Amino acid sequence: MADAVFTGPEPDLADLLAARPAFAVHAQDGLCFEGVPLNAIADQYGTPVWVYGAGSMQARYAALQAAFKAQSLDVHIHYAVKANDHLAILSVFRQLGAGADVVSQGEFLRAQRAGIAPQNIVYSGVGKAATEIEAALAQGIGQFNVESAEELEMLSTLATHAGSTASVVLRMNPDVDAGTHAKITTGLAENKFGIAAADIPELYARAANLPGISVRGLALHIGSQILSPEPYATAYAKAADMVRTLRGQGLEVTVLDLGGGIGIGYHDEPGMNLAAFAAVVKREVGGLGVQLLMEPGRYLVGPAGLLLASVVLQKQAGKRFVVLDAAMNELMRPALYEAWHGILPVGAHLFHGAATPADVVGPVCESADCFAKDRALPDLSPGARVALLDAGAYGAVMSSSYNARPRAASVLVANGQFHLITPRQRLEDLWADEILI
Ligand SMILES: *Cc1c(COP(=O)(O)O)cnc(C)c1O
């Protein structure tokens, strides 16, 4: 999707490395991530394997916090679980003090399983089912981000029945074009998300009078992979206006949830300028006297993960095809969003070979199973390993076992060591729950 905004020349291997300080090439060990040779991980656990770096996550979390701190802003970070819902990753963010933003009961339970307290969890999503709401209420969830009048009424009824009070913010659709890929834009009036600004004052007043509801404020989330602070400035200015309008009506507003969407550099371009972003937050909403929340996903985990794969074969068919043992059923973003992912070879000698164009594909029986077209890469013989970069967000969570391909293993690198956090699925597990009649 970054293709929609990236206009520079394609980075070569050296450019990719230079933009990613967590990677280094050692003459003996080849490509290393957070100090661990990727060959060591592949030797032990095979490929394809997801590799995540706790150090990268910690550094990214710290950078975001520092940007807010430099503006004297107190913004509570709720990690958006849908970007990568692995328990080990949720646990990294819990240890940093993050809460969670969830969009289903499954994510809510995952976050709790990783030790995140229910009061520290906010529930977003356009279609929360009654059973999911009941479960969240019973566990004492911190906040519901309500997306429609219908949901508000349903929540009031369910909370009243349960004898509890739901903390609520209304998700306002600010009708702002986030300048990102159409499939990940959420803040336009035509999108299914949120409540039109024009409807907020009346609904907020209604919420203030509904039983079982404690309405606290507003939320907005305008899309994903946003690289400029500008759309945020427009959206947050609208939110600030709305807070003033509501207060002018005598309504109390104490919370503003700033959403997620901070973009990362998938090529060698810089990601969102965090200092500029934090300055926008300060300028537009810093003086409102509300508790600020933010729900980043991709920014925190995207560059902190990669998919490590092996070359099955190189095929010459008019052009060169590099066929990997990883496929779209692992990493679907290229097929789904035309996303561009950097690809680095793992062998040290491969960084010096001549690079020629190749299509990098998976073995799945779909033309869309293509990771890269005309990518300049060295000669990659069978068994050579490659790393598909920036795959920590919206990677493993979107995996399937299409073509009866078992789920890949995953490994967490932390403090120079690596730990298996999901074993590779066994073939017989693919049908273990099926009923043969
Ligand atoms: C997906 C989502 C996020 C996280 O988006 P990123 O682009 O990964 O930061 C945050 N809030 C809501 C409501 C979402 O739907």
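Figured I'd write up the structure that's included with this text. (Residues numbered from 1 in each chain as written. Predicted model: local features only at pLDDT ≥ 70, side-chain atom pairs only at ≥ 80, totals over all residues. Heavy atoms only, no water.)

## Quick word on the pattern of salt bridges
Here is the rule we go by: Counted as salt bridges are all cases of a side-chain nitrogen of Lys or Arg within 4 Å of a carboxyl oxygen of Asp or Glu. Here a helix means four or more residues in a row that DSSP labels H or I, a strand means two or more in a row labelled E, and each is numbered from the N terminus. Only protein chains enter the accessibility calculation, which uses a 1.4 Å probe; a residue is then buried when its area is under 20% of its type maximum, exposed when over 50%, and partly exposed in between.
What the rule picks out here adds up to 14 salt bridges. Between Asp390 and Arg20 there is a salt bridge whose closest N-O contact spans 2.7 Å. Taken together, the positions of Asp390 in the loop between strand 19 (385–388) and strand 20 (409–414) and Arg20 in the loop between helix 1 (13–18) and strand 1 (23–26) put the pair 370 residues apart, joining distant regions of the chain. When its relative accessible area of 3% is taken as the criterion, Asp390 is described as buried. A salt bridge links Lys319 to Asp374; its shortest N-O distance comes to 3.8 Å.

## Quick look at the site of the ligand
Heads up, the condition is: What makes a residue near a molecule or strand is one non-hydrogen atom of that residue sitting within 4 Å of it. Whenever a nitrogen or oxygen atom comes within 3.5 Å of another N or O atom, the pair is scored as a polar contact, on the condition that within protein one atom can donate a hydrogen and the other can accept it, and that pairs from neighbouring residues in sequence are kept only if both atoms are in side chains. For the area figures, the Shrake-Rupley method with a 1.4 Å probe applies, and any residue is considered shielded solely by the protein chains shown. Cavities and pockets were defined on a 1 Å grid built over protein atoms only: a cavity is a set of grid points that admits a 1.4 Å probe from which the probe cannot escape, a pocket is an open set flanked by protein on both sides within 12 Å along at least five of seven lines, and lining residues are those with an atom within 4 Å of any such point. By definition, a pocket or cavity contains a molecule when more than half of the molecule's atoms lie within 2 Å of the pocket's grid points.
By nearness alone, 14 residues border the ligand, and Lys82, Ser224, Gly261, Glu295 and Tyr394 come closest of all. The separation between an oxygen atom of the ligand and a polar side-chain atom of Ser224 is 2.3 Å. Between the ligand and Glu295 there is a distance of 2.5 Å, counted from a nitrogen atom to a side-chain nitrogen or oxygen. In isolation the ligand offers 380 Å² of accessible surface; the protein chains occlude 94% of this area. The pocket occupied by the ligand, as judged from atoms lying within 2 Å of grid points, is the largest pocket.

## Thoughts on helix 7 (residues 149–162)
Short version of the rule: In this analysis, the expected span of each helix is defined as 1.5 Å times one less than the number of residues it contains. We call two residues contacting when some pair of their heavy atoms lies within 4.5 Å.
For helix 7, spanning 14 residues, the distance from its first C-alpha to its last is 20 Å, which sits close to the expected 20 Å at 1.5 Å a residue. Within helix 7 the residues assigned to the buried category are Glu151, Leu152, Leu155, Ser156, Leu158 and Ala159. Where helix 7 is buried, its residues contact helix 6 (130–139), strand 8 (143–146), strand 9 (166–173), helix 8 (200–209) and strand 11 (213–219). In the segment just after helix 7, Gly163 is the residue with positive phi, at about 70°.

## Comments concerning helix 5 (residues 105–113)
Quick reminder of the rule: Directions pointing from the helix axis toward each C-beta atom define the arc.
By the burial criterion, the buried members of helix 5 are Glu107, Phe108 and Ala111. Down the axis of helix 5, the sector holding all buried residues measures 105°, keeping them to one side. Where helix 5 is buried, its residues contact helix 4 (87–95), strand 6 (99–102), strand 7 (121–123) and helix 6. Directly after helix 5, the chain includes Gly115, whose backbone phi takes a positive value near 95°.

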